Amino acid sequence: MSSVLLESNLTSLPLLHRGKVRDIYEVDDDRLLIVQTDRLSAFDVILPTPVPGKGQVLTTLSNFWFSKLNHVLPNHLTGIKPESLVKTDEERAQLAGRAFVVKRLRPVPIEAIVRGYLAGSAWKEYQKTGMVCGIKLPADLQEAQKLSQPLFTPSTKAPAGEHDENISFDQAAKLLGVPRANAVRHAALSLYTQAAEYAATRGIIIADTKFEFGVDSSGKMYLIDEALTPDSSRFWPTDQYKVGSNPPSFDKQFVRDWLEGSGWNKQFPAPKVPADVIEKTAEKYHEAGRLLMDV
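The following refers to the structure shown. (Residues numbered from 1 in each chain as written. Predicted model: local features only at pLDDT ≥ 70, side-chain atom pairs only at ≥ 80, totals over all residues. Heavy atoms only, no water.)

**Remarks on the side chain of Thr-59**
Its place among the elements puts Thr-59 in helix 1 (residues 54-68). A polar side-chain atom of Thr-59 sits 2.8 Å from the main-chain carbonyl oxygen of Gly-55. Leaving out residues up to four positions away in the same chain, Thr-59 has contacts with Gln-36, Gly-97, Arg-98, Ala-99 and Phe-100. (Helix = DSSP H or I, 4+ residues; strand = E, 2+ residues; numbered from the N terminus. Polar contact = N/O pair within 3.5 Å; in protein donor to acceptor, adjacent residues only side chain to side chain. Contact = heavy atoms within 4.5 Å.)

This is the structure we're talking about:
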């Protein structure tokens, strides 16, 4: 098992931002260094207990998807080796297998969520209203049921410690403008559809996922952040999927389920997560990577 990195500490580059799970450093006016730590967030709160090796899985899997889906939408990778930007062996060790050097882009200020199945918060909303993010769905759908077509259900981007809010497409269009909102929806649905088709051949259902996009000074759009990992997606094993029940997930749902049963109020601070739950979560992350990438 790789060493655990709760947070990076680089002196070679200025730290711009420490996010929920990523640390971002400035390389220059055009590029950033992103370090994927082993921090885990749930319900928009950073947990005090890291997941060993998680950052490497997220980095390797994101690189895999960036390459596989580059024909759908270009991504923010520069191809520069992260280790070339720091000065000491100790700093290079922090970056090993868990960092990207990326184009410095202006993030699109929504999260682009695509749902192919009725699960999680969408299932809860549907039970109450018969709708998901303002989209009316047929009556009598069951939990985990495949939708007739994937739904684009954007959300706001909340600061750390605050909760993202689902919004309608019309609200997204007011934030982004209609042309950009349409472009984001088209890109997100195209990326999801192609990824889901591939994952199905590897025994994994991508129930839903979240994409983030950025634009350059000319307005060209890129896939940014990370993509189609257990942090941003709900992965289900095909052989254990059954309509009407919540399948076991290759993602942090295992931790979410423990937190839901712990009595925690989903506000900071989060409780420490038991070692056996963390170990099981680490196994799920590594298994997802192994199945999807055949490694």
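**Considering helix 3 (residues 120-129)**
One turn of an α-helix holds 3.6 residues; hence residues three or four places apart share an orientation. Taken together, the buried positions of helix 3 are Ala-122, Trp-123 and Tyr-126. One face of helix 3 carries all of its buried residues, which in axial projection span an arc of 100 degrees. Opposite its buried face, helix 3 presents the exposed residues Gln-127 and Lys-128, each directed more than 90 degrees away. Buried residues along helix 3 sit in contact with strand 8 (110-117) and strand 9 (131-132). Within two residues after helix 3, Gly-130 carries a phi angle of roughly 75 degrees, on the positive side. (Buried < 20%, exposed > 50% of the residue type's maximum accessible area, 1.4 Å probe, protein only. Arc of directions from axis to C-beta.)

**So, the packing of helix 1 against helix 7 (residues 275-293)**
Contact geometry for helix 1 and helix 7: axes closest at 10 Å, N-to-C directions at 25 degrees. The orientation of helix 1 with respect to helix 7, classified from their angle, is roughly parallel. In this structure, the crossing between helix 1 and helix 7 has a hand that is left-handed. Facing helix 1, whose interface residues are Lys-54, Val-57, Leu-58, Thr-60, Leu-61, Phe-64 and Trp-65, helix 7 presents Tyr-285, His-286, Gly-289, Leu-292 and Met-293. (Axes fitted to C-alpha atoms, helices over the stretch in contact; angles between N-to-C directions. Parallel < 35°, antiparallel > 145°, perpendicular 65-115°, else oblique. Left-handed = near helix turned anticlockwise from the far one by under 90°.)

**Side note on the pairing of strand 6 (residues 99-103)**
Look at any regular strand and the pattern is simple: side chains alternate between the two faces of the sheet. Along strand 6, four of the five residues are buried, which leaves the element largely enclosed by surrounding structure. Bridge count between strand 3 (residues 31-36) and strand 6: five bridges; the pairing is antiparallel. Bridge pairing in strand 6 links Leu-32 to Val-102. (Pairing = 2+ DSSP bridges.)

**A few points about the pattern of salt bridges**
In the structure shown here, the tally under the stated rule is 17 salt bridges. Of the charged contacts in the structure, one is a salt bridge between Asp-208 and Arg-234, with a shortest N-O distance of 2.9 Å. Here the residue Asp-208 occupies a position in strand 13 (residues 204-215), and Arg-234 occupies one in strand 15 (residues 233-237), the gap between them amounting to 26 residues. Here Asp-208 and Arg-234 have matching classes, each one buried. One network of salt bridges, in which partners are shared, links Glu-7, Arg-18, Asp-23 and Arg-39. (Salt bridge = Lys/Arg side-chain N within 4 Å of Asp/Glu carboxyl O.)

**Section: the packing of aromatic side chains**
Within the structure shown, the criterion is met by 11 aromatic pairs. Between Phe-66 and Phe-100, the aromatic rings sit 6.1 Å apart at their centres with planes inclined by 65 degrees, giving edge-to-face as the arrangement. Residue Phe-66 is located in helix 1, and its partner Phe-100 is located in strand 6; the two are separated by 34 residues in the primary sequence. Looking at Lys-68, its charged tip hangs above the ring of Tyr-198, at a distance of 4.3 Å from the centre. Positioned above the aromatic ring of Phe-43, the side-chain terminus of Lys-266 is 4.3 Å from the ring centre. (Phe/Tyr/Trp six-rings, centres within 6.5 Å; stacked < 30°, edge-to-face > 60°. Lys NZ or Arg CZ within 6 Å of the ring centre and 35° of its normal.)

**What about the pairing of strand 1 (residues 15-18)?**
By the bridge criterion, three bridges tie strand 1 to strand 2 (residues 22-26) in an arrangement that is antiparallel. Counterpart to Leu-15 in the pairing with strand 2 is Tyr-25. Following strand 1, the chain reverses through three residues before pairing antiparallel with strand 2.

**Here's the deal with helix 1**
If you check helix 1, its first and last C-alpha atoms are 21 Å apart, about what 15 residues at 1.5 Å a residue would give, namely 21 Å. Residues of helix 1 that are buried: Lys-54, Gly-55, Gln-56, Val-57, Leu-58, Thr-59, Leu-61, Ser-62, Trp-65 and Phe-66. (Expected span 1.5 Å × (residues − 1).)

**A few points about the sheet that holds strand 3**
Taken together, four strands build an open sheet; the order of strands is 1-2-3-6 and the sheet is antiparallel. If you trace the sheet from one side to the other, it starts and ends with strand 1 and strand 6, each paired once. Across the sheet, the mean angle separating the axes of adjacent strands is 25 degrees when strand polarity is ignored. Relative to the sheet, helix 1 contacts strand 2, strand 3 and strand 6, its axis offset from that of strand 6 by approximately 45 degrees.

**Looking at the environment of Met-293**
Relative to the helices and strands, Met-293 is located in helix 7. Separated by 233 residues in the primary sequence, Met-293 and Thr-60 place their C-alpha atoms 9.1 Å from one another. In this view, Met-293 contacts Thr-60, Leu-61 and Phe-64; residues no more than four positions away in its chain are not counted.

**Digging into the nonpolar core**
One finds Val-184, Phe-211 and Phe-213 to be the most contacted residues of the largest nonpolar core, which totals 50 residues. It is helix 5 (residues 178-201) that provides the largest number of residues to this core, a total of 10 residues. In this structure, Ala-42, Val-57, Ala-282 and Tyr-285 belong to the second largest nonpolar core, which totals 17 residues. (Core = buried A, V, L, I, M, F, W, Y, C linked by side-chain atoms within 4.5 Å.)

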